[in-house]
Amino acid sequence: MLKIILPTTMLLPMTLLSPAKSMWTNTTAHSLLIALISLHWLVPSYYPSKNLAHWAGIDQISAPLLVLSCWFLPLMILASQGHLQYEPHVRKQMFISTLVIIQPFIILAFSATELMLFYISFEATLIPTLILITRWGNQPERLSAGIYLLFYTLISSLPLLISILYLHSKTGTLHLPILKLTHPNPSTPWTSLLSSLALLMAFMVKAPLYGLHLWLPKAHVEAPIAGSMLLAALLLKLGGYGIMRATLLIEPPSNHLHYPFLTLALWGALMTSSICLRQTDLKSLIAYSSVSHMGLVIAAGMIQTQWSFSGAMILMISHGLTSSLLFCLANTNYERTHSRILILTRGLQPLLPLMSTWWLLANLTNMALPPTTNLMAELTIMIALFNWSPLTIVLTGIATLLTACYTLYMLLSTQRGTLPTHITTTSNSNTREHLLMTLHIIPMLALILKPELISATPL
């Protein structure tokens, strides 16, 4: 565990001590090296779990997410260079330091076997994210987005703290493996219902569940590119991971809590997909598509079967890579046209032909074209949900159809059509941007060949 966390924290002095000319190169190379070292967690040398320390462990649910969080640090640093090129050197150092500080907390959250440590690291990720959005966002509305993010997260996570303390008072331990074995039985049905609700609510907001999602489009639209990548690829996954962990602690027959959550998640997948068809802002469209995909993950997490967990895990990893790639592409357009409005940035294919190839690949994976892992995950979740209740196929089927519609709408509106008259000159796409897209696509293509690495099932 420490062999990943220590090199990550060593990035801080490296950022502050590197000369201005080589700072980007040093930090990107160092973080990419950490990402490559973290790949050994994917090798299934542990079953069912492996203790990395007294307070941290790794199993099939946390391993893929740990690797994903290590993989994204160099990508966020790579993506931010264009956004920060005219900033003073000190501000660049502050920006990279903020990204580096958030990394150990995410690694701790995904590997903690102690519930209180998980809660502290889960909450600690909020502060650097808030700094990223409110300090480096583009528009004045970033302050409002930051307040939304802060209050939604805090109000939902205080009940989580209370339910964790209640669990400790009932069982005398917060060690996850022991809690799974004991299954603490609350004294009354009401206590059971409220403690289950409190455990789940923080993760439902983070995931986010439809109805509790209003902070996400705001935060995405106002965040800088690294903030959007961080939110889409890692922080939403903290919500999904928390749901998978929390539902294992709740006895399924003890209450009917999963009915409203499942209904909202599937209805939300359908509603947010249809909202996407009406969006004029490119980043907002990608943000709502995230809510739609995470709706399926929440639904799969709630029914607690091996198939649904497997599908949820694959979808979280696939969606993390796909939506982050879409945000990076939206950012390359924004840096050239200084607008996110779809009508004002259409017809860019003749100007950036190679970028339109990346757009095509990203959109095809987003709409879950075979043989991508997105399709495998969606089918697995659909089958698990159909097995639970045949009626769910109606909602998931329509949501999938709408996903294909808005993805094609996004592709056609950005790449096709007549070029707006105000776009007279644009800079060409550069190697850094193509490297960034390649580092998103390579894991997607590699996982098509070996999806069992991320399927959260014993091999």
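Residues numbered from 1 in each chain as written. Predicted model: local features only at pLDDT ≥ 70, side-chain atom pairs only at ≥ 80, totals over all residues. Heavy atoms only, no water.

Heads up, the rule is: UniProt positions are given in the numbering used here, feature names are shortened, and annotations may be inferred rather than shown by experiment.
Identification of the protein as NADH-ubiquinone oxidoreductase chain 4 from Crossoptilon harmani is taken from an unreviewed UniProt entry. UniProt annotates the protein under Function (unreviewed entry) with the comment "Core subunit of the mitochondrial membrane respiratory chain NADH dehydrogenase (Complex I) which catalyzes electron transfer from NADH through the respiratory chain, using ubiquinone as an electron acceptor. Essential for the catalytic activity and assembly of complex I." Annotation of the protein in UniProt includes, under Catalytic activity (unreviewed entry), the sentence "a ubiquinone + NADH + 5 H(+)(in) = a ubiquinol + NAD(+) + 4 H(+)(out)".

Comments concerning unusual backbone geometry
To be explicit about the condition: In this text, helices come from DSSP runs of H or I with a minimum length of four residues, and strands from runs of E with a minimum of two, each type numbered from the N-terminal end. Note on classification: 1.4 Å probe, protein chains only; a residue is buried when its accessible area is under 20% of the maximum for its type, exposed when over 50%, partly exposed between these limits.
Put simply, A207 and P208 share a cis peptide bond, and its omega is -10 degrees. Among the secondary structure elements, P208 is positioned in the loop between α9 (189-206) and α10 (215-222). In this model, P370 is joined to P371 through a cis peptide bond whose omega is 5 degrees. Along the chain, P371 falls in the loop between α15 (353-366) and α16 (373-388). The backbone of Q304 shows a phi angle near 55 degrees, a positive value even though the residue is not glycine. Relative to the helices and strands, Q304 is located in the loop between α13 (282-303) and α14 (306-337). Judged by relative accessible area, which is 26%, Q304 ranks as partly exposed.

Brief notes about helix α4 (residues 89-111)
Stated formally: Each residue after the first adds 1.5 Å to the expected span of a helix.
Between the first and last C-alpha of α4 there are 34 Å, a value that for 23 residues agrees with the 33 Å anticipated at 1.5 Å per step. With respect to burial, α4 is a largely interior element, 17 of its 23 residues being buried.

Describing the side chain of S80
Selection rule: For this analysis, residues touch if any pair of their heavy atoms sits within 4.5 Å.
For S80, the location among the structural elements is in the loop between α3 (63-79) and α4. Taking the relative accessible area as the measure of exposure, S80 reaches 0% and is therefore buried. The contact partners of S80, leaving out residues within four places of it in the chain, are W24, F95, I225 and A226.

Some details on the packing of helix α12 (residues 258-276) against α13
Filter applied, for reference: Angles run from 0 to 180 degrees between N-to-C directions of axes, and those axes are lines fitted to C-alpha atoms, restricted for helices to the stretch in contact. Angles below 35 degrees are treated as roughly parallel, those above 145 as roughly antiparallel, those between 65 and 115 as roughly perpendicular, and all remaining angles as oblique. By convention, the crossing between two helices is left-handed when the near helix turns anticlockwise from the far helix through less than a right angle, and right-handed when the turn is clockwise. For this classification, the nonpolar set comprises Ala, Val, Leu, Ile, Met, Phe, Trp, Tyr, Cys and Pro, the charged set comprises Asp, Glu, Lys and Arg, and every other residue, Gly included, is treated as polar.
At their nearest, the axes of α12 and α13 sit 8 Å apart, and the two run at 155 degrees to each other. Classified by the interaxial angle, the pair formed by α12 and α13 is roughly antiparallel. Note that α12 runs across α13; the crossing there is left-handed. Every residue of α13 that contacts α12 at H258, F261, L262, A265, L266, A269, T272, S273, I275 and C276 is listed here: L285, Y288, S289, V291, S292, G295, L296, I298, A299, M302 and I303. Tallied by class, the residues present in the contact of α12 with α13 amount to 15 nonpolar, 6 polar and no charged.

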